[in-house]
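Notes for the structure review
The lines below spell out each chain.
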Amino acid sequence: MAATLRIQSDWSRALSRDEGEAWLSCRSPGKPTLYGSVTRRGLSSDGVPDIVASEGFVVREVTKKSILISCLHENVSTKFLAPYTSFCRIHQKSITCLDISSGGGLGVSTSTDGTMKIWQAANGEIRRLLEGHVYDVNCCRFFPSGLVVLSGGMDAQLKIWSAEDASCVVTFKGHKGGVLDTAIVDRGRNVLSCSRDGTARLWDCGKSACLGVIADCGSPINGIAVGTADDSLNLGTPEKPPSEREVGTEGKILLLAREDKKLQGVGLQSRQPVFLFVGSDAFNCCTFLSSTYVLAGTQDGNIYQLDVRNTNAPIQVIHRSGAPVLSLLPYRDGFIASQGN
């Protein structure tokens, strides 16, 4: 397992001041943590900060937006990136979920301050306050159109909102516990949800109705993802013909990140199990890298990469720290992971 190099403070702010300082740590599993610091000594002629590291660490490269630092003892390097911009006034407390519209113009986010807001992605200006859930809102996402938002909350309800006037146009009821995650099938005539009640459900947006329980796990489902399955994968056959209201479910597989340490694949149209993989701890999140490769993150900090055609053993297990893996997002040829540290 690789060593992890971290800056312990907001370095982009700390080092924006003359003689500013930020703390470093380098942790390798089973070894004492190494501590140090980086200090700004001024600016070079081209406006790039002059930054030096304490003993045991080396600053390899500095730009106006990044610092590349190495820990000599562990032979590990990390590039730290400054935020492109920061929006500090949208929420008063921690952000729990966010999404950006397909066109990039709008953002939607939920927070532990109990609010869900739509804002301009360019400047953070708040456009709409979405009010209607009782208790906390756990998840939010834009439909592909970018004009509509899907949300799920601890009140066991899913809601569809207009991003234009903040009206709630549809409310889905049927779950017996808080909704923890959602997914949208194709253009959004059908949507999916998972809940603390252990079920994943398929919904018809036009009729505001539940089309069926895709899975009933007997354990909370923390995260879901839907993707097109590889042609060689047997997704099973439906026990009865699907409703004409089901649109785009054929050939799809639904991933379930379960609290009972299991990652499950289910044929979306057939409702039949495709695979069941047991991990090291509760699964918090999952995503598709392709029609064959998936990722899933656990509470104890593992990221599993699996081939859905053969889940007997993972392709790889990535462990950077013991902090919970909270979300995963495919990005270019790799992925982005967020952890609770």
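Residues numbered from 1 in each chain as written. Predicted model: local features only at pLDDT ≥ 70, side-chain atom pairs only at ≥ 80, totals over all residues. Heavy atoms only, no water.

**Side note on the domain arrangement of the protein chain**
Interfaces are often described in size by the accessible area the parts lose on coming together. Let me state the cut-off plainly: For the purposes of this description, domain bounds are those given by an automatic or database domain assignment.
We note that the domain assignment places domain 1 (4-81) and domain 2 (95-339) within the protein chain. Just the C-alpha atoms count here: the centres of domain 1 and domain 2 sit 36 Å apart.

**Focus on the sheet that holds strand β23 (residues 273-278)**
Applicable threshold: Strand pairing requires that DSSP identify at least two bridges connecting the strands. Numbering of helices and strands runs from the N terminus; a helix is a DSSP stretch of H or I covering at least four residues, while a strand is a stretch of E covering at least two. In this description, a line fitted to the C-alpha atoms serves as the axis of each element, helices being fitted only across the stretch in contact, and the angle between N-to-C directions of two axes falls anywhere from 0 to 180 degrees.
Sheet architecture is open: four strands sit in the order β20-β21-β22-β23, paired in antiparallel fashion. In this open sheet, the two edge strands, each paired with only one partner strand, are β20 (221-228) and β23. Ignoring which end each strand starts from, the neighbouring axes of this sheet average 15° apart. One ladder, built from five bridges, connects strand β21 (residues 252-258) with strand β22 (residues 262-267); its direction is antiparallel. Looking across to β22, one finds that A257 is bridged to L263.

**Observations concerning the environment of T39**
As a reminder of what qualifies: Whether two residues are in contact is decided by their heavy atoms, any of which lying within 4.5 Å being enough.
One can find T39 in strand β3 (residues 34-43). Along the sequence, T39 and V52 sit 13 residues apart, while their C-alpha atoms lie 5.5 Å from each other. Excluding anything up to four places from it in sequence, T39 contacts L15, E19, G20, E21, D50, I51 and V52.

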